Amino acid sequence: MKLRPGRQVASTVDGTRMIVVRAPGDDIVLTCGGAEMVDPAEAGTGEGGVADPGQQEGTVLGKRYTHDGLGLELLCTKPGQGTVAVDGEPLVLKEAKPLPASD
Amino acid sequence: MNVTMLLDMAAEGFGDRVVVGRRQDGLTAVRLRELSIGGARAVAAAGADSILYLGVNGPAFPVAMFAAARAGVPLVPVNYRLGREQLGRLLAGHPGAYAIADEGQLEMLGAAGLAARTPEEFMAAAADGDLGEPGEPGWTDAPAVLIYTSGTTSAPKGVVLRHQNLVSYVLGSVEFAAAGEEEAALMSVPPYHIAAVSNVLTNLYAGRRFIALPSFSPAGWLEVVREQAVTNAMVVPTMLARIMDADGLDRSVPSLRTLAYGGAKMPPRVIERALAEWPHVDFVNAYGLTETSSTISVLGPEDHRTAFASTDPEVRARLYSAGRTVPAIELEVRDEEGRVLPAGESGRIWVRGEQVSGEYAGQGSAVDERGFFDTRDRGRLDAGGYLFVEGRIDDTIIRGAENIAPAEIEDVLLRHPDVADAVVVGVPDEEWGQRIEAVIVPAPGAGVDTEALREHVRSLLRGSKTPDRIVVWPELPRTPTGKILRHDVVTGLTAGRQTVS
């Protein structure tokens, strides 16, 4: 799907939700637990199937996950057990460097 | 996309933490979420199309903000100091609003045909009834907040900030749950200021408790900082000036770690005094507009210290800059023909980013075809990418054929030790079109020789930038949020107001 900043994506195999912070604008197939992630409106329809037991690294609430090669950054808004990946390549947890609080 | 997502994350991630108000009786993240659900239900039951908030800052403000978001209607915080006529015009534009107002404003709202309740009554209504699991708010691109600009240079315009703008701002500048449990932020600007809106969102998302000061006084501010062990605070420059200038105050703030300032020009005298008085505090200068969902560039603590300690004039000057743009913002300085200017040259500041709205109610978007928004501020970048904001384009003085930015002259005046405050304006002139006049406020205890001050300006700038007249006033007309009312200055000068020197 086309990932635009601000768009939310949902796992079909667990409760994982991510929001797009940065995206290249191309079509990208995101997976969670091996199953393609979808628009939240289509999540929870029971068609998710079974998660890949080999992709169960999990996500942490509020953490950022990146794919540097693609210039992709997602932020976890609801954590889950599945690994979020592109083409089988897991996204990498980004070490945060907060800006000084300005307001 | 909806700002309630930020509150849901907070309630999920650190639900028991007190995030609003005093530690002893404030609201936890979970309670704030419950009240927003109850508030949204009350708004929906009233069939309202917005929440209008006409009051001082307090715990009802964040509840109203998230109740509006959950109900899918915009929050409209309104300046409670507006004159009757101006307020009446503004209220007439929101006939379907759910109004929350301080006691003294209820009659005015009644006259405008709006049913209103006090912040306390709203909180009681929000706490009433079923506060259980709500439906998920729509993932729409709807307006979250409508803020009227202060209208110091033109009639007030309603700036539309969409959920997308505000959430992007938060995700672009704050890390989730990054604040320690002991951290507390003190907010001193009123709800109709963009910083009050962004402050609610960024502090909540960081997990930092925030306290609102209903009305500012130097003694009151210092007391709350000490009593509530405040670690972070945001002020406008006039507030910091008053804190530093007030006689006989205990200015100790042992708990304070970060002081952010913005919203108007900071006089060098004031920031230098504060840096010396509070060496343990990190100072942050934030530059932004309502139209950009708050901060777009930041001068951070290290920048302050490096500049303050430097003998290199270019580095030292950065103490008076707005720092560097935040990562989510692209900035261009352009000339009047739209060409992008190199570092060192002054022009119009244009910005682009997800947090930039640039949209006005009833007027649509004001961004150009590349998505850039004209801030109508003048400025320049230095070789290191530091942004120097040189005032509003609309304030430019045209003397003869020459365009003169008042900020350059004001900077020279404000750096003079005898000057506490200064403004430079163009006054209608038959020969020149406009002539340059300055009004200054003397530093406490200082006597000012205005002719000597003119010579001082002439020695640093050229003759054509030297004010034709400098007069002394006891204070400058400013909005409560620190912006100079230049139109009132010109009126005062042309009315032949006498100097008191």
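Residues numbered from 1 in each chain as written. Chains lettered and ligands numbered in written order. Predicted model: local features only at pLDDT ≥ 70, side-chain atom pairs only at ≥ 80, totals over all residues. Heavy atoms only, no water.

Named according to an unreviewed UniProt entry, chain B is Acyl-CoA synthetase (AMP-forming)/AMP-acid ligase II originating from Thermomonospora echinospora. In its Sequence similarities (unreviewed entry) section, the UniProt record describing chain B reads: "Belongs to the ATP-dependent AMP-binding enzyme family." (UniProt positions renumbered as here; feature names shortened; annotations may be inferred.)

**Digging into the overall build of chain B**
On a plain count of helices and strands, chain B comes out with 16 helices and 26 strands. A globule of 501 residues ought to have a C-alpha radius of gyration of about 23 Å, and chain B, at 23 Å, matches this closely. Counting only C-alpha atoms, chain B reaches 70 × 45 × 45 Å along its principal axes. Expressed as a percentage of its 501 residues, the buried residues of chain B come to 57%. (Helix = DSSP H or I, 4+ residues; strand = E, 2+ residues; numbered from the N terminus. Rg over C-alpha atoms; globule rule 2.2 N^0.38 Å. Buried < 20%, exposed > 50% of the residue type's maximum accessible area, 1.4 Å probe, protein only.)

**A closer look at the overall build of chain A**
Scanning chain A for helices and strands turns up zero helices and nine strands. In chain A, the succession of α and β elements from N to C terminus is β-β-β-β-β-β-β-β-β. The C-alpha atoms of chain A give 13 Å as radius of gyration, which agrees with the globular expectation for 103 residues (13 Å, within 12%). With respect to the principal axes defined by its C-alpha atoms, chain A has extents near 45 × 25 × 25 Å. Here chain A holds 103 residues, and the buried ones make up 46% of them.

**Section: the UniProt feature "domain: AMP-binding enzyme C-terminal" (unreviewed entry) in chain B**
Per the UniProt record, the feature "domain: AMP-binding enzyme C-terminal" (unreviewed entry) sits at residues 408-483 of chain B. The span residues 408-483 of chain B is 24% helix and 33% strand, and its two end C-alpha atoms sit 17 Å from each other.

**Focus: the pattern of salt bridges**
Any two side chains of opposite charge can pair, so long as their charged atoms come close to each other. Under the defined criterion, the tally for this structure stands at 50 salt bridges over all chains. Among the ionic pairs, Glu 277 of chain B bridges to Arg 251 of chain B, the shortest N-O distance being 3.4 Å. Of this pair, Glu 277 of chain B sits in helix α11 (residues 268-277) while Arg 251 of chain B sits in the loop between α10 (237-245) and β12 (258-261), and the two are 26 residues apart along the sequence. Given a relative accessible area of 14%, Arg 251 of chain B falls into the buried group. Through salt bridges with shared partners, one network takes in Arg 22, Arg 64, Glu 73 and Lys 94 of chain A together with Glu 175 of chain B. (Salt bridge = Lys/Arg side-chain N within 4 Å of Asp/Glu carboxyl O.)

**Quick look at the nonpolar core**
Residue and element names in this part refer to chain B. If you look at the biggest cluster of nonpolar residues, it comprises 114 residues, and the most contacted ones within it are Ile 51, Trp 221, Leu 256, Leu 259 and Trp 278. Split by domain, this core shows at least three residues from each of two domains, domain 1 (1-213) and domain 2 (341-393). In this view, Trp 278 contacts Trp 221, Leu 222, Leu 240, Ile 243, Met 244, Arg 251, Val 253, Leu 256, Leu 259 and Phe 283; residues no more than four positions away in its chain are not counted. If you look at the next biggest cluster of nonpolar residues, it comprises 18 residues, including Ile 404, Ala 438, Val 448 and Ile 470. (Core = buried A, V, L, I, M, F, W, Y, C linked by side-chain atoms within 4.5 Å. Domains from an automatic or database assignment. Contact = heavy atoms within 4.5 Å.)

**Focus on the pairing of strand β9 (residues 184-187) of chain B**
Residues and elements named next belong to chain B. Burial along β9 is two-sided: Ala 184 and Leu 186 and Ala 185 and Met 187, pointing in opposite directions, are all buried. Alignment of β9 against strand β10 (residues 209-212), held across four bridges, turns out to be parallel. Note that in β10 the partner of Ala 185 across the bridge is Phe 210. Traced from β9 through helix α8 (residues 194-206) to β10, the parallel crossover comes out right-handed. The sheet contact formed by β9 and strand β11 (residues 232-235) spans three bridges and is parallel. When the sheet's bridge partners are listed, Ala 185 is paired in β11 with Asn 232. (Pairing = 2+ DSSP bridges. Right-handed = clockwise from strand over helix to strand, strands pointing away.)

**Some points on α11 of chain B**
Residue and element names in this part refer to chain B. Residues of α11 that are buried: Pro 268, Val 270, Ile 271, Ala 274 and Leu 275. End-on view of α11: buried residues confined to an arc of 165°, all on one side of the axis. In this structure, the buried side of α11 is in contact with α10, β12, β13 (282-289), α12 (301-309) and α14 (406-414). (Arc of directions from axis to C-beta.)

**Side note on helix α16 (residues 486-494) of chain B**
Residue and element names in this part refer to chain B. Taken as a whole, α16 has its buried residues at Arg 486, Val 489, Val 490, Gly 492 and Leu 493. With its buried residues spanning 160° around the axis, α16 presents them on a single face. Buried-residue contacts for α16 involve α14, β24 (419-429), β25 (433-442) and β26 (469-472).

**Examining the domain arrangement of chain B**
Parsing chain B into structural domains produces domain 1 (1-213), domain 2 (341-393) and domain 3 (396-494). With centres defined by C-alpha atoms, the gap from domain 2 of chain B to domain 3 of chain B works out at 26 Å.

**Notes on the state of the cysteines**
The final tally for this structure, using the stated rule, is zero disulfides over all chains. Among the cysteines around Cys 76 of chain A, which has no disulfide bond, Cys 32 of chain A carries the closest sulfur, lying 9.1 Å off. (Disulfide = S-S within 2.5 Å.)

**Focus: the side chain of Ser 188 of chain B**
All names here are of chain B. Within the secondary structure layout, Ser 188 lies in the loop between β9 and α8. Only 3.3 Å separates the side chain of Ser 188 from the side chain of Trp 221, close enough to count as a polar contact. Ignoring any residue separated from it by four or fewer positions in sequence, one finds Ser 188 in contact with Leu 213, Phe 216, Trp 221, Met 234, Val 235 and Met 239. (Polar contact = N/O pair within 3.5 Å; in protein donor to acceptor, adjacent residues only side chain to side chain.)

**Remarks on the environment of Ala 446 of chain B**
Relative to the assigned elements, Ala 446 of chain B resides in the loop between β25 and α15 (450-460). Considered as a pair, Ala 446 of chain B and Gly 129 of chain B are 317 residues apart in the sequence and their alpha carbons are 61 Å apart.

**Regarding the environment of Val 367 of chain B**
Position of Val 367 of chain B relative to the elements: it lies in the loop between β19 (364-365) and β20 (373-381). Placed 16 residues apart in sequence, Val 367 of chain B and Val 351 of chain B show a C-alpha to C-alpha distance of 9.2 Å.

**Thoughts on the interface of chain A and chain B**
Many analyses report the size of an interface as the accessible area lost when the parts associate. At the interface, 20 residues of chain A touch 36 residues of chain B. Carbon and sulfur atoms supply 62% of the area that chain A and chain B bury against each other, a total of about 2,000 Å² over both sides. The interface formed by chain A and chain B holds one salt bridge in total. For Glu 175 of chain B, the salt bridge goes to Arg 64 of chain A, with nearest N and O atoms at 2.7 Å. Counting across the chain A and chain B interface gives four residue pairs in polar contact (both at pLDDT 80 or more). Only β2 (17-22) and β6 (72-78) of chain A provide two or more residues apiece to the side of chain A that touches chain B. Of all the elements, β6 of chain A adds the most residues to the side of chain A that touches chain B, at four residues. Looking at the side of chain A that touches chain B residue by residue, the classes come out as eleven nonpolar, five polar and four charged. (Buried area = accessible area lost by both parts, 1.4 Å probe. Nonpolar A, V, L, I, M, F, W, Y, C, P; charged D, E, K, R; others polar.)

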